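# A look at the structure
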Amino acid sequence: MIHIPHIYVMSNPTITEQLEGFPIFQMVIVGLLRLSEPIAFASYLSYIFFMIKSFKIAKTDADVSRFSGYLASGFAFSQFLSSVKWGKASDKYGRKPIILLGCFGTAISMIVFGFSTNFYMAFFARVMMGLLNGNVSIMRTTVGEIAIEKRHQGIAFSNLSLLWSLGKCIGAYLAGKLTDVDHFRNYRRDSKEGLHNSDSLFDRFPFAFSNIVISSLILCFMVCGWLFLEETNDRVRHRRDRGLEVGDAIRRLLGFEIPDRPWRRGKSEDSEFLIHDNSLPEEFDDDDDDTEMYELQLLTSNEENTTKQGTDIALFTRPIIYRIFCNFLLSFCNVIYTEFLPILLSKTVDVDSLRFPIHSRGGFGYSTESVGKLLSITGISGVVLVSLLFPIINKYLSLLTAFRTGVGFVPIISFSLPLIIFTIPEYNPMFHLHATTTALLYLNTFFSSFVGSISFLQMTLLIHRASPKQHRAVINGYTISFTAFARFLSPLIWGWIMSLCDKNGVGVIAWWLLGAIYLIVFLFTFLLSEADEQDV
């Protein structure tokens, strides 16, 4: 009980205190690398309806949701299988090389996806992307190791979450602008129509150009990371980093002051491969921290050590389980909204099926550019608002209160979204222009972006602060792995539900079911407690 007032005092620093001594440069580099995955993740959302139609695998528009769910599930399941392995690899080999490898894997996977000529090739590319990138969990750990002071963590982790939202905006906008595939709207599986008979590469592969551009952007981020990102893993940070040496030379030419690097402080060549006992920082000299380092080594050793005290199973205390499960539910719901909103926007309007309040079929008839525009504008607006309000929220509300408040608004967003279709002028003469429908869609998506950014960054902090410092990389790996499992299950299940409801003319029901699950998430937050935080 004594810890509770202490926690509230420490979790509410002033804005000035939060910004004082903040590691800006390293956070900027991490931010660039962080952008890679959301840009890649969101880029295909603008055109996925038309891509599946072009494959001629869906009998009707209602079936598109099911196949879109398969693509999303393939990516998420492969990420579920690989996340923990990547987290442990970053413990052993360092955060930096694994992050850079993940960016490279994402870029290659996007190229394959862009040149896909059938559903199965696209599915393979999505699975490949999930297997080759475990950066989400490693980024969380890296940010925690950069922002080591608790007063910096609110801004650091909020930026991590905001960058995810910003990356989604960039990906959706670029894909919407660079992909002109609206002619696939009327494709049917039994039609004779095919792709353009042209010598032009991008006529034969209409989804390739946007993926090439985005892959090139990701590779640029990767080069910046190789040059300027500092290793944060204490076990390997004393190894020589030739990329950082080149980056230091560039910064020195530009007049920046360069800190001394660990491998230059009288280290022998052996220090590139081993960290000797006398080369560890001073904070590892005491007995307690020696024990922590030993436990960390157990986590990254081979399987013959799994019966010892530092096994992964022992990490799952009740607070950790509650937080991971809450994150699982939140991710389960969020990916449904994220994946199937573009499908709803792109489907052709079916006015004859509309009957308030639950009967609807089809969607709003948006083009790829319109979908990308909506997702990018509402996303960037949410990012800007969160960046302005989060320091204030962090000062005046406790971590858990802010999280619970944000989650409490999400069911309203989900319940109201499908009802917007009843405001189109073709159905409701009260609304003479499509501007009302458009404004309501923008408003709904904006609030989803804003509340989602707040909720996920608070969830990240709740998990981070409840995790023992020496085990955070592995716990984050498991968190992302279970998150990926949620992202595997939800589109697989909801793709079928969306298709079933759409075929039966009750499309509203699928979104109301989603709202009901969001309500369960809100109720579950009352099982969480800030008293479970670990010392930072």
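### Some points on the packing of aromatic side chains
Taken as a whole, this structure holds 26 aromatic pairs when the rule is applied. Note on phenylalanine 41 and tryptophan 164: the rings are 5.7 Å apart at their centroids and 35° apart in plane angle, and the pair reads as tilted. Taken together, the positions of phenylalanine 41 in helix α3 (residues 24-43) and tryptophan 164 in helix α9 (residues 150-178) put the pair 123 residues apart, joining distant regions of the chain. By the burial criterion, phenylalanine 41 is buried, and tryptophan 164 matches it. Their ring planes at 10° and their centres at 6.3 Å tell us that phenylalanine 325 and phenylalanine 328 sit as a pair that is stacked. With a gap of three residues between them, phenylalanine 325 and phenylalanine 328 both fall in helix α14 (residues 318-346), about one helical turn apart. Of the residues examined, phenylalanine 328 reaches a relative accessible area of 15% and is grouped as buried.

### Quick look at the packing of helix α5 (residues 61-93) against helix α8 (residues 135-146)
The N-to-C vectors of α5 and α8 enclose an angle of 35°; their axes lie 8 Å apart at closest approach. Residues Gln79, Ser83, Trp86, Gly87 and Ser90 of α5 pack against Val136, Ser137 and Ile138 of α8. By residue class, the composition of the contact of α5 with α8 is three nonpolar, five polar and no charged.

### A closer look at the side chain of arginine 126
Topologically, arginine 126 is positioned in helix α7 (residues 119-132). In this structure, arginine 126 is buried with no salt-bridge partner, the nearest side chain bearing the opposite charge being glutamate 339 at 4.9 Å. Once residues within four sequence positions are removed from consideration, arginine 126 is found in contact with Ala40, Phe41, Tyr44, Leu71, Phe75, Ser78 and Phe113.

### A few points about unusual backbone geometry
Of note, the amide linkage connecting phenylalanine 356 to proline 357 takes the cis form, showing an omega dihedral of 10°. Along the chain, the position of proline 357 falls in the loop between α14 and α15 (368-396). The phi torsion at lysine 56 lies on the positive side, around 55°, for a residue other than glycine. Among the secondary structure elements, lysine 56 is positioned in the loop between α4 (48-55) and α5.

### Thoughts on α15
The terminal C-alpha atoms of α15 lie 41 Å apart, and with 29 residues this matches the ideal 42 Å at 1.5 Å per residue to within 8%. Remark: the principal bend of α15, roughly 40°, maps to leucine 389, with a proline, proline 391, within the next four residues.

### Overview of the pattern of salt bridges
One pass over the structure, following the stated rule, counts 13 salt bridges. For arginine 66, the salt bridge is made with aspartate 63, and the minimal N-O distance between the two is 3.4 Å. In this pair, arginine 66 and aspartate 63 both sit in helix α5, three residues apart, roughly one turn of the helix. Taking relative accessible area as the criterion, aspartate 63 reaches 3% and is therefore assigned buried. A salt bridge links aspartate 63 to lysine 503, with the shortest nitrogen-to-oxygen separation between them at 2.9 Å.

### Looking at α5
Between the first and last C-alpha of α5 there are 47 Å, a value that for 33 residues agrees with the 48 Å anticipated at 1.5 Å per step. In α5, a bend of some 40° at serine 82 exceeds every other bend along the element. Glycine 94 lies just past α5 and shows a positive phi near 110°.

### Considering the confidence of the model for the protein
Across the protein, the average pLDDT comes to 80, with 82% of residues at 70 or higher. Within the model, pLDDT remains below 50 along residues 1-11, and this stretch shows nine contacts once partners closer than five positions in the same chain are excluded. Within the model, the stretch residues 267-310 combines pLDDT values under 50 with 52 contacts to residues more than four positions away or in other chains.

### Structural notes on the packing of α5 against helix α6 (residues 95-114)
One can describe the packing of α5 onto α6 by two numbers: an axis separation of 7 Å at closest approach and a directional angle of 135°. With respect to each other, α5 and α6 are oriented oblique. Residues Trp86, Ala89, Ser90, Asp91 and Tyr93 of α5 form the contact with α6, whose own contacting residues are Arg95, Pro97, Ile98 and Leu101. Its residues assigned to classes, the contact of α5 with α6 shows six nonpolar, one polar and two charged.

### A short note on a nonpolar patch on the surface
Taken together, the side chains of Ile380, Val384, Leu388, Leu389, Ile392, Tyr396 and Leu397 define a hydrophobic patch exposed on the protein surface, amounting to about 630 Å² of accessible area. Locating isoleucine 392 in the fold gives a position in helix α15. In this structure isoleucine 392 comes out as partly exposed when scored by relative accessible area, which is 38%.

### Here we look at the nonpolar core
Phe403 and Trp494 are the most contacted members of the largest nonpolar core, which has 128 residues in total. By residue number, the principal contributor to this core is α14, which donates 16 residues. Other than its neighbours up to four places away in sequence, tryptophan 494 contacts Phe332, Ile336, Phe340, Ala510, Leu513, Leu514 and Ile517.

### Concerning the environment of proline 206
Examined against the element boundaries, proline 206 turns out to sit in the loop between α10 (201-204) and α11 (208-228). A residue is classified by how much of its surface remains accessible, and proline 206, at 14% relative accessible area, is buried. Considered as a pair, proline 206 and glycine 114 are 92 residues apart in the sequence and their alpha carbons are 8.0 Å apart.

### Considering the state of the cysteines
Covalently bonding the sulfur atom of one cysteine to the sulfur atom of another cysteine gives a disulfide. According to the stated counting rule, one finds zero disulfides in the structure shown. Of all cysteine sulfurs, the one in cysteine 224 lies closest to cysteine 220, which takes part in no disulfide; the gap is 7.2 Å.

### Here's the deal with the environment of lysine 503
Counting through the fold element by element, lysine 503 comes out in helix α18 (residues 472-503). Accessibility expressed as a relative area gives 46% for lysine 503, which makes it partly exposed. Lysine 503 sits 143 residues away from serine 360 along the chain, and the two C-alpha atoms are 9.5 Å apart. If sequence neighbours within four positions are ignored, lysine 503 has contacts with Thr60, Ala62, Asp63 and Arg361.

Calculation criteria
- Residues numbered from 1 in each chain as written.
- Predicted model: local features only at pLDDT ≥ 70, side-chain atom pairs only at ≥ 80, totals over all residues.
- Heavy atoms only, no water.
- Phe/Tyr/Trp six-rings, centres within 6.5 Å; stacked < 30°, edge-to-face > 60°.
- Helix = DSSP H or I, 4+ residues; strand = E, 2+ residues; numbered from the N terminus.
- Buried < 20%, exposed > 50% of the residue type's maximum accessible area, 1.4 Å probe, protein only.
- Axes fitted to C-alpha atoms, helices over the stretch in contact; angles between N-to-C directions.
- Contact = heavy atoms within 4.5 Å.
- Nonpolar A, V, L, I, M, F, W, Y, C, P; charged D, E, K, R; others polar.
- Lys, Arg positive; Asp, Glu negative; His and termini not counted.
- Salt bridge = Lys/Arg side-chain N within 4 Å of Asp/Glu carboxyl O.
- Expected span 1.5 Å × (residues − 1).
- Bend = angle between axes of the 7 residues up to and from the residue.
- pLDDT = per-residue confidence, 0-100.
- Parallel < 35°, antiparallel > 145°, perpendicular 65-115°, else oblique.
- Patch = residues over 30% accessible without salt bridge, like charges linked within 9 Å, V, L, I, M, F, W, Y side chains within 5 Å.
- Areas by Shrake-Rupley, 256 points an atom, 1.4 Å probe, with all protein chains shown as cover.
- Core = buried A, V, L, I, M, F, W, Y, C linked by side-chain atoms within 4.5 Å.
- Disulfide = S-S within 2.5 Å.

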